[in-house]
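Below, each chain spelled out in residue letters.
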Amino acid sequence: MTGLKTTVKSVIFTPTSKYLENISLMSKQLFSVTDARGLSVTGLSDTQIKTYDQILLDTYHYVPGTADELKSLLEEAPEFVLGNVLRGYSTMTDGSVSGKTVAQGYLENATKLTSGATPRERLHIAALGHWISGEHEARNAVWEDIIGKWPADLLAYRQLTGALFWNGDKKRQLAAAVQTLPYWSAEIPGYGLFLGPLAFALEEAGRFGLAERYAREALEINSTDLWSLHALAHVFEMQGRSTEGEAHIESVADKLNDYNLFRGHIWWHLALFKMAQGKLDEVLGLVDKEIYPGTSNFYLDIQNAASMLSRLEFQGVNVGDRWDRIAKASRETLSDHTVLFTVPHQAMALARSGEETHIANALDQWMSAGSNANGQSLLAAKVAEAIADFHLGRFSDALDKFARLRFELPDLGASHAQQDIYYQYMVMAAIEQEDIPRTKSLLRERIANRAETEADWTEARARLAEIERVESKAEAIMMLRRGI
Ligand SMILES: [Fe+2]
């Protein structure tokens, strides 16, 4: 899931007098050096480019503190065009509406440097501008233009593949990875960071064997390359290999907390593997210790925690007052998330917080925003409405709404594994109405994405046969527990 937070927090950049003095000299000819993959980079010395090369690798390895390191580099080299762009990208990646003001500052800095910038850097400046303006298609097209001309541009490649994840555009993710594939080889610095998005895109396309091969190749280079680890976790999830998935993540568990907040999603995957094996107490323990241990307004934390608590409740687990902190974070960030897959999760928390006014106010706000914005906003509002209906006991309404939307739901972004929460709600709504035929029908649909090879198809057919034998609520809930 990237489009994912690559830094822990937005760091608001406050220019120092030295910075302002330097930036006033921007009319001078800017100098340029070559990065680790041979691309011209404007505004850095031979020593500083090495620092940037490392920052770029660390950013996409989810190493904490890259924002501060880049901020220091920009203090030394304010004419560093891509440094300003990367700070803008990272701020936008954090996924808050309020972050746009900060990103705008970096865009203005970069724009002042346009005359001395290379054609590639000018395109990056344009992409950041489109992003801040909400022109996602134009932004994606610019990044595609960049990787078409400069396939070594890791910055454009990672930003594009990450953004497409939240746009719900899985085919285009794979297209981007294949577009740059001829350029890459093991000798090129950052090769593992190319492989991760390729593996993930293949997995979401249902090509699990190839996805596993490339994810493992990346993990040979770096066993805690989180995006490649994540791609492999998805392969395990989609093929029902929960014990392998659990063992693999646990083999690197002692290193996970060395990374930034994206690590929470890896813990979420471990919780899914444990849930599939019925280890529900351990799942609850992971929620408390790793997935949502404190208070967090970060969109991915809200998604991970809310979807896991809903899954646990569907399995009959009493989660106590654990919804309260997520509901509070949801109220505080109600319309501040630019990643709209967050909205259904905020709706879960608000509907479960016990205050009907909270969810009613939120629905008004989301529906109003959705009526005046792009398709994702309206879709998010409609899903939130269905979730609210479910938690308010209006199971028939919830199921009707979900059923009408169900083939559009991938447009809201995220992975098949994350999107399974929609089917969890639909199946539970059918169960609550004691409608076993509808329950079985939805359970069958739910596994439609999982068959690639003959073996997968045989496994899927076996699962379908099991679904046919479902006769009770308990048996249906057991099918949900086992994952997609
Ligand atoms: Fe995931």
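Residues numbered from 1 in each chain as written. Predicted model: local features only at pLDDT ≥ 70, side-chain atom pairs only at ≥ 80, totals over all residues. Heavy atoms only, no water.

(A) Spotlight on the coordination of the iron ion. Protein-derived coordination of the iron ion comes from His230 (NE2), His234 (NE2), His265 (NE2) and His269 (NE2), at a distance range of 2.1 to 2.2 Å. Sequence spacing of the donor residues for the iron ion, all on one chain, is H-x3-H-x30-H-x3-H. Placement of the pair is His234 in helix H12 (residues 226-238) and His265 in helix H15 (residues 263-276), with a sequence separation of 31 residues. On the accessibility criterion, His234 (0% relative accessible area) is buried. The buried category is assigned to His265, whose relative accessible area is 0%. (Donors = N, O, S within 2.8 Å, 3.2 Å for Na, K, Ca; no water. Helix = DSSP H or I, 4+ residues; strand = E, 2+ residues; numbered from the N terminus. Buried < 20%, exposed > 50% of the residue type's maximum accessible area, 1.4 Å probe, protein only.)

(B) The arrangement of unusual backbone geometry in detail. Residue Tyr62 is not a glycine yet carries a positive backbone phi of 60°. Within the secondary structure layout, Tyr62 lies in the loop between helix H2 (46-60) and helix H3 (66-76). A positive phi angle is found at Ala414, which is not glycine, with a value near 85°. Structurally, Ala414 can be placed in the loop between helix H22 (395-405) and helix H23 (416-432). Classification of Ala414 by relative accessible area gives buried; the value is 1%.

(C) Main features of the domain arrangement of the chain. Splitting the chain by domain gives domain 1 (1-183), domain 2 (187-277) and domain 3 (294-484). Taken together, the 27 residues of domain 1 in the interface contact 24 residues of domain 2. Overall, the association of domain 1 and domain 2 removes approximately 2300 Å² of surface from exposure, summing both partners, and the carbon and sulfur fraction of that is 71%. Here Glu204 and Lys170 are joined by a salt bridge, their closest N and O atoms 2.7 Å apart. Our count for the contact surface shared by domain 1 and domain 2 stands at 7 residue pairs in polar contact (both at pLDDT 80 or more). The class makeup of the residues in the side of domain 1 that touches domain 2 is 16 nonpolar, 7 polar and 4 charged. (Domains from an automatic or database assignment. Contact = heavy atoms within 4.5 Å. Buried area = accessible area lost by both parts, 1.4 Å probe. Salt bridge = Lys/Arg side-chain N within 4 Å of Asp/Glu carboxyl O. Polar contact = N/O pair within 3.5 Å; in protein donor to acceptor, adjacent residues only side chain to side chain. Nonpolar A, V, L, I, M, F, W, Y, C, P; charged D, E, K, R; others polar.)

(D) Layout of the nonpolar core. Ranked by size, the top nonpolar core spans 161 residues in total, and within it Tyr52, Phe80, Leu312 and Trp366 carry the most contacts. Top element by residues in this core is H23. It accounts for 11 residues. Not counting residues up to four positions away in its chain, the partners in contact with Leu312 are Met275, Leu280, Val283, Leu284, Val287, Val317 and Val319. (Core = buried A, V, L, I, M, F, W, Y, C linked by side-chain atoms within 4.5 Å.)

(E) Inspection of the environment of Leu350 at higher detail. Within the secondary structure, Leu350 sits in helix H19 (residues 342-352). Exposure remark for Leu350: the relative accessible area of 1% places this residue in the buried category. Each C-alpha atom, one on Leu350 and one on Asp397, is 18 Å from the other, the two residues being 47 residues apart in sequence. With residues near it in sequence (within four places) discarded, Leu350 still touches Ala327, Ser330, Arg331, Leu334, Glu355, His358, Ile359, Ala362 and Trp366.

(F) Helix H26 (residues 473-481), seen in detail. Residues of H26 that are buried include every one of Ala476, Ile477, Met479, Leu480 and Arg481, and no others. Looking at the buried side of H26, the elements it contacts are H15, helix H16 (280-291), helix H17 (299-314), H23, helix H24 (436-446) and helix H25 (454-468).

(G) Region of the structure containing the pattern of salt bridges. What the rule picks out here adds up to 23 salt bridges. Where Lys289 meets Glu290, a salt bridge forms, and the shortest distance between an N and an O atom there is 3.2 Å. For Lys289, a relative accessible area of 60% translates into the label exposed. The class of Glu290 is buried, set by a relative accessible area of 13%. A salt bridge links Arg394 to Asp389, with the shortest nitrogen-to-oxygen separation between them at 2.9 Å. Residue Arg394 is classed as partly exposed on the basis of its relative accessible area, which comes to 39%. Since its relative accessible area comes to 3%, Asp389 is described here as buried. A single network of salt bridges, built from pairs that share partners, joins Glu246, Glu250, Lys274, Lys279 and Glu282.

(H) How the structure looks around the side chain of Glu212. Within the secondary structure, Glu212 sits in helix H11 (residues 208-221). If near-sequence neighbours (up to four positions away) are discounted, Glu212 is found in contact with Leu232, Val235, Gln239 and Arg241.

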